[in-house]
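In case you want the letters, here they are:
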Amino acid sequence: MKVTNAIAHVLKTEGVEFLIGYPVNPIIEGAAEADIRTIMVRQERIGLHMCDAVGKLSSGEKIGVFVMQHGPGTENAFGGVAQSYGDSCPVVVLPAGYARNINQVHPNFNAALNFRHVTKLAEQVTVADATIEALRRAFTTVRNGRPGPVLVEFPTDILRDEVPDALVAEYKKAPSLKSGPDPKSVSQIAEALVAAQRPVIVAGQGVHYGKAWPQLKALAELLEAPVMTTLPGKSAFPENHPLSLGSGGIGIGEHLWHMLQNCDFIFGIGCSFTRTSFGTAMPKGKKIAHATLDPYAINKDVPVDLAAVGDAGLTLDALLEEVTDRLKGKPRDRLASVTREIRGHREEWLGKWKHRLTSDSAPISPYRVVWDLLHTVDVKNTIITHDAGSPRDQISPFWVSETPLSYIGWGKTTQLGYGLGLAMGAKLAHPEKLCINFWGDAAIGFTGMDFETAVRERLPILSILSNNFSMAIELKVMPVSTEKYRSTDISGHYADFAKALGGYGERVTEPGQIKEAIKRGIAATREGQPALLEFITEKATDVSRFP
């Protein structure tokens, strides 16, 4: 059997339903011959972003696989793999490589060497007979431990070689294994949670990967403890729940800030506590317990008093048992006072922002776009993601996620244009859902041509674009270059652009038109047409930031 067909056999065994890539890579033909749907993008980065969404929205059960050409294709893909690595996304990357007689020769790009710092595993197959064991290592690595990308490079001459059928027939699907925490660690954390008078739970995307949403909710209700999520963990806890504090990030609600600053104990579950400009910093001087899958994250950025290492679901199962036993299975009648405190601060905060969320001014307030979108779509049947910069900070505090995996939050590395690929990958994973990306005129400049991919590949997403003809978030830090050379000015008629690429496009200039335009955009997606709604917005620089 040819190596390309052997690879396709492995992909089928692993349950891979579609292969995303960009030619030329012979694996594409091998996949097509095996009836694996092949999806071609306009640039490598978008394809990897689509793979990220597939992994995120299946809690790592489905693995996105990406292939690209040797040389420039592999070089172009580096940013996408780095995003997968920074955002902990399980992706299998199968680049072609230069033929073995020249793949170590300067200046030929060697993926196995150059991707080592942004992958969990990176190796090059050097003989055809090693194909199956290399893929076994790759899929076992990608399915276990902290999620992240793996890479196996196949030199072009090997892809034309033969591999014994017997070796291929031996391949079995890689296992997905979970490990639980040390019972002693669980007992210590449970004791501290019960002893705390004002605990706060910080839930990360490990709760999504562990499918631990019911356990998180049960623990919060038993302890009567408020829950904030990290930005990647957003939607892990229902944000219409009275104990919800919403998500952290640059933009946050005042109720989150208040409860976090005034707590006496912080319990992080399924998060890394990574120090980042795009996350909410933990206040100093607090007692902190940290439960996570990756031991490397313990004490990495935030010093902790207690720690446990293990799958979020298994950890919460064990904690629930311990806490239930210590509380005799009953809460302590704190719920009314805790939720009243949260509600009071949330309502006061929303009151201060109501004029921005319901503004009738033109150009349109981007917050009005977010608010009207939230109150027009069926939130429970919607998957939404932000983009880097202003869209992230404008939508994340105000969007109320009600169901798990309904919001794809991200931010440790903030590449412009990431949201488009995430929305397309979300539509691949959940064709029955309304899948939305919320982005700005800077982001569309990076990846906008792949709106054509959504059209061609029949992925009817709803793209919400905020166009203020400016890099508004940079206005404060680039005053001289803006004044002298208009360095932050950008422009375009993106609704016409969408129509030119075969999608539905509409430009909206008046706030009173927002909801009806959204309904028309949704109608277009239901008819199978990707839609881009371009809202002409003000150069907003205000963010719900604390302190």
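Scroll up a little and you will see the structure.
Thresholds applied
Residues numbered from 1 in each chain as written. Predicted model: local features only at pLDDT ≥ 70, side-chain atom pairs only at ≥ 80, totals over all residues. Heavy atoms only, no water. Helix = DSSP H or I, 4+ residues; strand = E, 2+ residues; numbered from the N terminus. Rg over C-alpha atoms; globule rule 2.2 N^0.38 Å. Buried < 20%, exposed > 50% of the residue type's maximum accessible area, 1.4 Å probe, protein only. Contact = heavy atoms within 4.5 Å. Areas by Shrake-Rupley, 256 points an atom, 1.4 Å probe, with all protein chains shown as cover. Lys, Arg positive; Asp, Glu negative; His and termini not counted. Charge placed at Lys NZ, Arg CZ, Asp CG, Glu CD. Axes fitted to C-alpha atoms, helices over the stretch in contact; angles between N-to-C directions. Parallel < 35°, antiparallel > 145°, perpendicular 65-115°, else oblique. Left-handed = near helix turned anticlockwise from the far one by under 90°. Nonpolar A, V, L, I, M, F, W, Y, C, P; charged D, E, K, R; others polar. Core = buried A, V, L, I, M, F, W, Y, C linked by side-chain atoms within 4.5 Å. 1 Å grid on protein atoms, 1.4 Å probe; cavity = no way out; pocket = protein on both sides within 12 Å on 5 of 7 lines; lining within 4 Å. Points joined across faces, edges and corners; volume = space filled by probe spheres on them. Salt bridge = Lys/Arg side-chain N within 4 Å of Asp/Glu carboxyl O.

Novice: I keep staring at the overall build of the chain and nothing clicks. Help me out?
Specialist: Assigned secondary structure in the chain consists of 23 helices and 18 strands. A compact globule built from 547 residues would reach a C-alpha radius of gyration of about 24 Å, and the chain, at 24 Å, matches this within 12%. Along the first, second and third principal axes, the C-alpha atoms of the chain reach 70 × 60 × 45 Å. Taking all 547 residues of the chain together, 61% fall into the buried category. When contacts within the chain are restricted to residue pairs at least 6 apart in sequence, long-range pairs at least 24 apart make up 75% of them. Summed over its atoms, the accessible surface of the chain is roughly 20,900 Å², and 52% of this surface lies on carbon and sulfur atoms. Looking at charge distribution, the chain has the averaged site of its 58 positive side-chain charges lying 4 Å from that of its 60 negative ones.

Novice: Explain the packing of helix α16 (residues 366-374) against helix α23 (residues 514-526) to me, please; I cannot follow it from the model alone.
Specialist: Pairs of packed helices are described in terms of their axes, by the angle between the two and the distance that separates them. Remark: α16 packs on α23, axes separated minimally by 9 Å, with the N-to-C direction vectors making an angle of 55 degrees. Comparing the axis directions of α16 and α23 gives the class oblique. In terms of crossing hand, the pair formed by α16 and α23 is right-handed. Of α23, the residues touching α16 (which contributes Arg368, Val369, Asp372 and Leu373) are Ile514, Lys515 and Ile518. Across the contact of α16 with α23, the residue classes tally to four nonpolar, no polar and three charged.

Novice: Can you help me understand the nonpolar core in this one?
Specialist: Note that soluble globular proteins tend to have their nonpolar side chains buried in a common cluster. Met50, Ile201, Leu216, Leu219, Phe267 and Ile269 are the most contacted members of the largest nonpolar core, which totals 103 residues. Once residues lying within four places of it in the same chain are set aside, the contact partners of Ile269 are Ile201, Val202, Ala203, Gly204, Val207, Leu216, Ala291, Ala312, Thr315 and Leu316. Ranked by size, the runner-up nonpolar core spans 37 residues in total, among them Leu19, Met40, Phe139 and Phe154.

Novice: Would you explain empty space enclosed by the protein in this entry?
Specialist: A water-sized probe, rolled over the atoms, reveals where empty space remains. Scanning the entire structure with this criterion turns up two cavities of 30 Å³ or more. What the largest cavity holds in volume is close to 90 Å³. Listing elements by their share of the lining of the largest cavity, those giving two or more residues are α3 (44-57), α11 (206-209) and β14 (407-408). In this structure, the second largest cavity occupies an estimated 50 Å³ of space. Classifying every residue of the lining of the second largest cavity by side-chain character gives four nonpolar, one polar and two charged.

Novice: I would appreciate a short explanation of the pattern of salt bridges in the present structure.
Specialist: For side chains of opposite charge, pairing can occur when their charged atoms come near one another. One pass over the full model with this rule turns up 31 salt bridges. Note that Asp496 and Lys499 form a salt bridge whose closest N and O atoms lie 3.5 Å from each other. Note that Asp496 and Lys499 are positioned in helix α22 (residues 494-500) at a spacing of three residues, about one turn of the helix. Among the residues examined, Lys499 registers a relative accessible area of 46% and is labelled partly exposed.

Novice: Looking at this structure, I do not really get the layout of surface pockets. What am I missing?
Specialist: By volume, the second largest pocket amounts to about 510 Å³. Residue assignment for the lining of the second largest pocket shows that the elements contributing at least two residues are α17 (390-395) and α19 (441-447). Broken down by element, the residue count for the lining of the second largest pocket peaks at five residues, all from α17.

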